[in-house]
Amino acid sequence: MTRSRWLYETLLWNLVLTCRTKFALYMSARSSLSIIAATLVLLALPSMAKAQGQPHCGTDEMRQKMIERNPDLLRQEADAEHGLQAYLKALGGQRDAGDTTTYVIPIVFHVLYDPTVGNDDHNISDAQVMLEVNNLNINYSKMNADTTQIVNAFKPIAADIHVRFQLATKDPFGNCTNGIDRITTLRSSNAQNYSKLDPWFRDRYANIWVVHGLVQDIPGGELLGYSQLPPDVQDSYGALIDGVIMLWDQIGTGTTLTHELGHFLNLQHTWGNTNSPGVACGDDGVDDTPITKGHFGGCDKYDFTCSSTVLNATYDFGSVTTTSGTTDPTPAPSIMFQDTLPGLTLSSFAATGVSTNPTASGAFSFSQWGTGATDGDTAYAQLTGALSSTKYYQFSVSPDFARAMNLTGMTFIAGRTATGPRTFSVRSSVDNYGTNLAASVVPVGNSLTVQSSNTFFFTMDTAVTASGCTITLPAPPNNLAYYHQATPITFRIYGWNAEDVSGSFSVDSLTIQGTYGNIENVQNYMEYSDCNLMFTAGQGDRMRAILNANISGRSNLWQDQNHSFTGTDGYEQTCGPEADFYTMTPFVCTGTPVQFKDNSKRATPTSWAWSFDGGTPATSTEENPTVTFAAPGAHNITLTCMNAYGTSSVTKDHEVQIGAGYSEVDGLLNEPFNNLNAFQTWPSLNYESNATYWGWDGSVGHNAPGCAKLNASETYYLVQDGFPPNNFSDRDILLTPSLDLSNVSTIQFNFWYAYASRTSTSTDITESLKIYSSTDCGKDWLLRKTLSGPALVTAGIASAGYTPTSSDWRQVSVDLPSVLKTNDVRLKFEYNSGLFSNDIFIDDVNIDGVVGIDELSQGGSLTLMPNPAADKLTVDLGFTGTTSGTLSFLDMTGRAVYTQAVNAGEQQLEFNLAKMGITSGVYLVELQQPNGRRVERLVVR
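Below you will find a few notes about this structure. In every chain, residue numbers begin from 1 and rise along the written sequence. Local features are withheld for residues below a pLDDT of 70 in this predicted model, meaning they are given only at 70 or higher, and side-chain atom pairs are given and counted only at 80 or more; totals for whole chains, interfaces and linings count all residues. As a rule here, side-chain values come from all non-hydrogen atoms in the structure, and water together with hydrogens is ignored.

## Some points on the overall build of the chain
- What the chain contains, in helices and strands, is 10 helices and 52 strands.
- Residue burial in the chain is summarised as follows: out of 941 residues, 57% are buried.
- By definition in these notes, contact holds between two residues if any of their heavy atoms fall within 4.5 Å. For the chain, long-range pairs separated by at least 24 residues make up 74% of all intrachain contacts whose partners lie at least 6 apart in sequence.
- Summed over its atoms, the accessible surface of the chain is roughly 35800 Å², and 50% of this surface lies on carbon and sulfur atoms. A helix here means a DSSP run of H or I that spans at least four residues, while a strand means a run of E at least two residues long, and both kinds are numbered starting from the N terminus. Buried, partly exposed and exposed residues are distinguished by accessible area as a fraction of the type maximum, computed with a 1.4 Å probe on protein chains only: under 20%, between the cut-offs, and over 50%, respectively. For the accessible areas, the method is Shrake-Rupley and the probe is 1.4 Å, while residue cover comes only from the protein chains on display.

In structure tokens:
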């Protein structure tokens, strides 16, 4: 966020609150927003946790926290639901009668870029946003290609919602836009409601915030995004946070935003308003979505856990006679669901390849089986026959429409006549009747055993009937063939090894076992499964109902007058881009490549023209050029971008700061900040580009007026839900000049600072001041000292913007390691804000140590008068030694622009800068002699 953006935002919300200007025309009273800048506290919601470590949506947790803050939300929800149900009742079959009105909803994406992350992948492209909008409209109109994969139970109710989202082409002030708002802010990381910057009026636009990372305060799975339900955001606080916040890598891929906008349009998760899918069954208030427990990942399309009913159906063959033919005339068991609905259909038993009629009544008993046993055989190994795939008994179990089943096994009674089959087994259609199913006899008897774990064997060569024949079907997790099945499964019972074809084999009292129930809508967009691809018609009715309700501005979104206001659905505008850019390396040394990134908005540029003051190259037409700079300091960078509809330019003078590639201070540092020019040689970075930044204050100081000051008391926060934003800190940087410490030993860094807290609660003092060092021009930094919490406070409690007294100052000393005994060393002050930040002051920054021979310690001094200088300069040498030397004027690249010999004993030299060719700028004046050298900085105006 730029400083002008902050001022714009503060002004906007203040004007909205007063509601006395033309801004009042842009919003209804119920959508009034509130922001309190500077000294107020952001009370943000804490993070959502997710069981089982799966990616998830945080809508339900956010709702719970909002209810904790305001229990009256439960009443508001109930009132809203009552009105919605009345509307749906009055609607009757209107949509079935052909109401296909398409509601066009204007949408805006606020893309938040955090410049400290280390990469900018999360600053997604215009194309990625447009792809996401296209995906939304495909999903909401049931045009997604994978609808062919919808299970049959839900194909009839998979619905085109007749809702379409369109990027706005007018912003709240009537300016042309492409519906993509770009904001540079640290709030893109560890984001939550306090990251919902620059919301556009929620009764005009659906706001989508795209962030680098969402808060993960509590261990659990990754949070992908969240929204609020319309009844929960009806007040002015709710208006400020109303919308969807999303991880950047969910834009343009997957169905996460489809899911979150379902919440925005008043849909609950399919299991209801809890975030415990897989734990308890729940209802979402939609008639055509079944009760479900919800599903984390996977695609268990035929789960029926919440309506699971025990299956224990028995064939008793009571109507079988010796003339009833090969199909059992006994009615098959009737399996109902919830007493009145079809559940499972069991087919009649049928015989194939055997005799045309049963050999006995009251059991399923036929002859004509394959032979392979001789009279008197008692050992299984003596049998010579083989299973014939053409001779079997058969029955099927078929789930009725919208039902599924788990089959766990079966039991039955088997018998043979004296010459009937000695062996039998059971197979199924699951593997095309290729293998015998696992068999056992329970309880174990003498007349029947199981061979090779899957073949029944009558041990006695006599007529026998044996109960307890048991088939156990494979179970999860190793085998899912009989688990959550919605298609028929057929079983066949094979007999063989008869002594002759007249012998018969019988089956009686066959019981099939398992469970069955109503298929849950695992493929719903409001699920957490991996196969989300549909809304139901009932969900569509619910979403369209909220779009016709005067709740949280939803009914205004699709109105024609709002389309005119937002430039959508026939009122589109086209425009040129608004130029903007950034660099991921805002501070580098001379000669270091810097890549500039186009970050234009309002429209997508098609061509670019860059100019770089002091850069190589000096111009570029690339979208994201790379440039080097030879001179230190700030450089003007100008970007002009264009498309077929317009051109825009922007110039920035501090987007990148170039540090000197040489030492600006040789030896010991002594900076009292007695004047603005001295402070301006210290680079500073304002990552948030807001109203808080390091500056110079000439009215206060440690020993004398003049110090560095950060106006951290002006850090502003959104007022929120009773929880502090403990994962967000504004961050401001102050850097020392480049230091040459190569001739300094026992290095000690000292400074004085003053700081007062704005709270008496020690746990609320979360701000910190950190000291870092770098030996590679700021590419890498090592932490040397942290002052945080109560230890940071030097002046007790004071109101915002306090002025320190002489007793408020405290000195900090940091022993620096010998690794810093080198040139091109920089030290960094990094302040991270807290909820109760106040202004912080730094003064009298020094480096103490033992100076080596290279530092001029005797025989001369170097004083420049005046400094800054204009035309004339006096150099006081204090040159009392007997050795001559050299006085050089160096520009900031280290190049000597003027050199003059200095004779022994000279005390003072006068210079005419204009005649020397020295123009305005910053120079180094170096006195060198055999005893060492002295360098002073000269500012020429």
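## Description of the pairing of strand β31 (residues 646-652)
- With 7 bridges connecting them, strand β30 (residues 637-643) and β31 associate as antiparallel partners. Note on β31: the bridge partner recorded for T638 is T651. For two strands to be treated as a pair, DSSP must find no fewer than two bridges joining them.

## Looking at the sheet that holds strand β23 (residues 587-589)
- Read from one edge of the open sheet, 3 strands run β23-β32-β29, paired in mixed fashion. Both outer strands of the open sheet, β23 and β29 (633-634), are each paired with one neighbouring strand and no more.

## So, the environment of G362
- Mapped onto the elements, G362 comes out in the loop between β11 (350-352) and β12 (364-366).
- By relative accessible area, G362 is classed as partly exposed at 30%.
- Taking the C-alpha atoms as reference points, G362 and D508, separated by 146 residues in sequence, lie 8.1 Å from one another.
- In this structure G362 touches D316, F317, V320 and D508, once residues within four positions along its chain are discounted.

## Considerations on helix α7 (residues 537-546)
- In terms of burial, α7 is a largely internal element, 8 of the 10 residues being buried.
- Looking at α7, one finds that the buried residues are G538, Q539, G540, R542, M543, R544, A545 and I546.
- The elements touched by buried residues of α7 are α3 (73-91), β2 (103-113), α4 (126-140), α6 (256-264) and α8 (554-557).

## Quick notes on the sheet that holds strand β46 (residues 863-865)
- Within the open sheet, the 3 strands sit side by side as β46-β47-β50. Their pairing is antiparallel. Here the strands that pair on one side only, and so sit at the sheet edges, are β46 and β50 (908-912). Adjacent strand axes in the sheet meet at a mean angle of 20° when their direction is disregarded.
- Pairing of strand β47 (residues 872-876) with β50, which is carried by 5 bridges, proceeds in the antiparallel orientation. Axes, fitted as lines to C-alpha atoms, cover a helix only where it is in contact. Angles between the N-to-C directions of the axes lie from 0 to 180 degrees.

## Here we look at the packing of aromatic side chains
- A pair of Phe, Tyr and Trp rings is counted when the ring centres sit within 6.5 Å of each other, with Trp represented by its six-membered ring. The angle between the planes then sorts it: under 30 degrees is stacked, over 60 is edge-to-face, the rest tilted. Considering all chains together, one arrives at 48 aromatic pairs under this definition.
- For the ring pair Y140 and F535, a centre distance of 4.9 Å and an interplane angle of 50° mean the geometry is tilted. Placement of the pair is Y140 in helix α4 and F535 in the loop between β21 (505-518) and α7, with a sequence separation of 395 residues. Comparing Y140 with F535 shows no difference in burial state: the two are buried.
- Note on F364 and Y393: the rings are 4.9 Å apart at their centroids and 70° apart in plane angle, and the pair reads as edge-to-face. A residue pair is termed long-range when its members are at least 10 positions apart, and F364 in strand β12 and Y393 in strand β13 (residues 392-399) qualify at 29 residues.
- On the basis of relative accessible area, F364 is assigned to the buried category, the value being 0%.
- Whether a charge sits over a ring depends on NZ of Lys or CZ of Arg being within 6 Å of the ring centre and within 35 degrees of the ring normal. Sitting over the face of the ring of Y237, R69 holds its NZ or CZ atom 4.0 Å from the ring centroid.
- The lysine or arginine in question, R204, covers the ring of F565, its NZ or CZ lying 4.0 Å from the ring centre.

## Points about unusual backbone geometry
- Cis geometry is found at the peptide bond from P476 to P477, where omega equals 0°.
- Topologically, P477 is positioned in the loop between β19 (464-472) and β20 (489-496).
- Here T616 and P617 are connected by a cis peptide whose omega angle stands at 0°.
- Turning to its location among the elements, P617 is positioned in the loop between β26 (615-616) and β27 (619-620).
- With a phi close to 75°, A402 is a non-glycine residue in the positive phi region.
- Its place among the elements puts A402 in the loop between β13 and β14 (403-416).
- With a relative accessible area of 18%, A402 lands in the buried category.
- Of note, the phi angle at D844 is positive, near 45°, even though the residue is not glycine.
- Along the chain, D844 falls in strand β45 (residues 840-851).

## Focus: the side chain of E260
- Among the secondary structure elements, E260 is positioned in helix α6.
- When charges are counted, neither His nor the chain ends are considered; positive counts come from Lys and Arg and negative counts from Asp and Glu. Just to be clear on terms, a salt bridge is a Lys or Arg side-chain nitrogen sitting within 4 Å of an Asp or Glu carboxyl oxygen. It turns out E260 is buried and unbridged, and the closest side chain with the opposite charge, K196, is 9.3 Å from it.
- Pairs of N or O atoms are called polar contacts if they sit within 3.5 Å, as long as, within protein, a hydrogen donor faces a hydrogen acceptor (for residues adjacent in sequence, only side-chain-to-side-chain pairs). Among the polar contacts made by the side chain of E260, one reaches the main-chain amide nitrogen of S227 at a distance of 3.4 Å.
- When neighbours within four sequence positions are excluded, E260 is seen to be in contact with C57, T59, G225, Y226, S227, V244 and M246.

## Focus on the side chain of R758
- Mapped onto the elements, R758 comes out in the loop between β40 (744-755) and β41 (768-774).
- Lacking a salt bridge, the buried R758 has E767 as its closest oppositely charged neighbour, with an N-O distance of 7.4 Å.
- A polar side-chain atom of R758 sits 2.8 Å from the main-chain carbonyl oxygen of S837.

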